[in-house]
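Summary of the model geometry
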Amino acid sequence: MMKKFFYVLAFTAVSLWFLGPLFFIFLASLTPSSDFYRWDAIFPSKLTLDHVRKLLVNLGGWRAMLTSVQVALIAIAISFALGIPAGYALTRYKFRGKNFIKLVMLFTRSIPLVVIAVSLVTIYLRLNLADTAFGVGLAHAAMVLPFVVLITSSIFSGVFVEYEEAGMVFGLTRFGAFLRITMPLALPGLAASAIFAFIMSWNEVFAASVLAITNRTLPAHILSTAMASPDYFKFAAGTIMAVPAMVFIFIIRKYLISMWGISLK
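Residues numbered from 1 in each chain as written. Predicted model: local features only at pLDDT ≥ 70, side-chain atom pairs only at ≥ 80, totals over all residues. Heavy atoms only, no water.

**Side note on the overall build of the protein chain**
- Counting its regular elements, the protein chain contains 13 helices and zero strands.
- The helix and strand sequence of the protein chain, counted from the amino end, reads α-α-α-α-α-α-α-α-α-α-α-α-α.
- Along the three orthogonal principal directions, the C-alpha set of the protein chain runs to about 70 × 65 × 30 Å.
- A total of 265 residues make up the protein chain; the buried ones form 37% of that total.
- Restricting the contact set of the protein chain to residue pairs at least 6 apart, pairs at least 24 apart contribute 70%.
- When the accessible area of the protein chain is evaluated, it comes to approximately 16,100 Å², of which 73% is carbon and sulfur surface. (Helix = DSSP H or I, 4+ residues; strand = E, 2+ residues; numbered from the N terminus. Buried < 20%, exposed > 50% of the residue type's maximum accessible area, 1.4 Å probe, protein only. Contact = heavy atoms within 4.5 Å. Areas by Shrake-Rupley, 256 points an atom, 1.4 Å probe, with all protein chains shown as cover.)

**Describing the confidence of the model for the protein chain**
- Chain-level pLDDT for the protein chain is 81 on average; 92% of the residues reach the 70-or-more range.
- Mean pLDDT across the elements of the protein chain ranges from a minimum in helix α13 (residues 253-258), with 59, to a maximum in helix α4 (residues 61-92), with 90.
- Low pLDDT, under 50, characterises residues 258-265; the predicted model gives this stretch eight contacts beyond four residues in sequence or across chains. (pLDDT = per-residue confidence, 0-100.)

**Quick look at the nonpolar core**
- Formed by 30 residues in total, the largest nonpolar core has its most connected members in Phe 80, Phe 198, Leu 218 and Ile 240.
- Put simply, the parts of the chain that give this core at least two residues each are α3 (50-58), α4, α7 (133-157), α9 (174-203), α11 (218-224) and α12 (231-251).
- Among the elements that make up this core, the one with the highest residue count is α9 (eight residues).
- When residues no more than four places from it in sequence are discounted, the contact partners of Phe 198 are Ala 72, Ile 76, Pro 244, Ala 245 and Phe 248.
- Judged by nonpolar contacts, the second largest core, of twelve residues, contains Tyr 124, Ala 133, Val 136 and Ala 212. (Core = buried A, V, L, I, M, F, W, Y, C linked by side-chain atoms within 4.5 Å.)

**Side note on the packing of helix α1 (residues 2-29) against α12**
- Between α1 and α12, whose axes approach to 8 Å, the crossing angle comes to 125 degrees. By the criterion of interaxial angle, the relationship of α1 to α12 is oblique. Along this stretch, α1 crosses α12, giving a crossing that reads as left-handed. Seen from α1, the contacting residues are Ile 25, Phe 26, Ala 28 and Ser 29; seen from α12, they are Tyr 232, Phe 235, Ala 236, Gly 238, Thr 239, Ala 242, Val 243 and Met 246. (Axes fitted to C-alpha atoms, helices over the stretch in contact; angles between N-to-C directions. Parallel < 35°, antiparallel > 145°, perpendicular 65-115°, else oblique. Left-handed = near helix turned anticlockwise from the far one by under 90°.)

**Points about the environment of Tyr 124**
- Structurally, the position occupied by Tyr 124 is in helix α6 (residues 117-126).
- Judged by its relative accessible area of 5%, Tyr 124 falls in the buried class.
- Separated by twelve residues in the primary sequence, Tyr 124 and Val 136 place their C-alpha atoms 9.8 Å from one another.
- Those residues in contact with Tyr 124 that sit more than four places away from it in its chain are Leu 129, Ala 130, Gly 135, Val 136, Leu 138, Ala 139 and Leu 211.

**Describing the pattern of salt bridges**
- Scanning the entire structure with this criterion turns up three salt bridges.
- For Arg 53, the salt bridge goes to Asp 50, with nearest N and O atoms at 2.6 Å. Here the residue Arg 53 and the residue Asp 50 both occupy positions in helix α3, the gap between them amounting to three residues, near one helical turn.
- The closest approach of N and O atoms between Arg 92 and Glu 164, which form a salt bridge, is 3.3 Å. With Arg 92 in helix α4 and Glu 164 in helix α8 (residues 161-169), the pair connects residues that are 72 residues apart, well separated along the chain.
- We classify Glu 164 as buried; its relative accessible area is 0%.
- Here the residues in one salt-bridge network are Arg 92, Glu 164 and Arg 174, joined through shared partners. (Salt bridge = Lys/Arg side-chain N within 4 Å of Asp/Glu carboxyl O.)

**Looking at the layout of surface pockets**
- Here the second largest pocket defines a volume of roughly 270 Å³.
- Around the second largest pocket sit Thr 108, Arg 109, Ile 111, Pro 112, Leu 113, Ile 116, Leu 120, Tyr 124, Leu 138, Ala 139, Ala 142 and Met 143, which together line it.
- When contributions to the lining of the second largest pocket are tallied by element, the ones reaching two or more residues are α6 and α7.
- The element contributing the most residues to the lining of the second largest pocket is α7, with four residues.
- Tallied by class, the residues present in the lining of the second largest pocket amount to ten nonpolar, one polar and one charged. (1 Å grid on protein atoms, 1.4 Å probe; cavity = no way out; pocket = protein on both sides within 12 Å on 5 of 7 lines; lining within 4 Å. Points joined across faces, edges and corners; volume = space filled by probe spheres on them. Nonpolar A, V, L, I, M, F, W, Y, C, P; charged D, E, K, R; others polar.)

**Some thoughts on the packing of aromatic side chains**
- If you walk through the whole model with that rule in mind, you get seven aromatic pairs.
- With a centroid separation of 4.8 Å and an interplanar angle of 70 degrees, the aromatic rings of Tyr 88 and Phe 178 are classed as edge-to-face. Remark: Phe 178 occurs in helix α9 and Tyr 88 occurs in helix α4; sequence separation between them is 90 residues.
- When its relative accessible area of 8% is taken as the criterion, Tyr 88 is described as buried.
- Each ring, one from Phe 147 and one from Phe 196, has its centre 5.5 Å from the other, and the planes form 65 degrees; the classification is edge-to-face. With Phe 147 in helix α7 and Phe 196 in helix α9, the pair connects residues that are 49 residues apart, well separated along the chain.
- Classification of Phe 196 by relative accessible area gives partly exposed; the value is 32%.
- Linked through ring pairs, Tyr 88, Phe 156 and Phe 178 together constitute an aromatic cluster. (Phe/Tyr/Trp six-rings, centres within 6.5 Å; stacked < 30°, edge-to-face > 60°.)

In structure tokens:
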């Protein structure tokens, strides 16, 4: 009984540690400006969506949010189109320099983006990719790709090659065995990779600020607008930033939970 009590206590403490700040961010974003700077009351006398509405409508946050979703989906599509075959090849095939390739992929993330910003903008201007959602998505895909390759490689290594060989015995090609056997078994892990790629793209601000002016993502847009506004607009921006990512995770939660052997009906 005592052990169960400590489990519940620890779970409650961890939940409050993570959910507490989110709760107060949401609360502050819904607090009227007249109650926001009052120190004699923790909770406001009433709630309002006025700050969120002004940030989305008057300051153009709605358009920036749609751009962020579009950029994140482009980054996921490109990184998965290149990363899944690369991760599969690193897992299933033996060749010289495989570990060196993994090291080089990680090394690319050690170079600060600010170092190559001028060259990157110059290339984008010549290719007419500047100030486009596809251009920003391409830059985000380059940032996400090394992690997608390594994560998918680890995922595919957990799928026994004997399953594919059994499928090929019964007439499947190697590509058919990959699509019909390996991919369904690896789907929970790929969903986790998609979440990782989405959150990296959603939170990235420097590339979106440098490569776009009118088609900026939500973090870049907030950096140039809401950060110069009163504090309640900053909390409203935090709410707008958090909600879409939470919705995305909620949609694919069953794949995440199934990674730990739990299934949702």
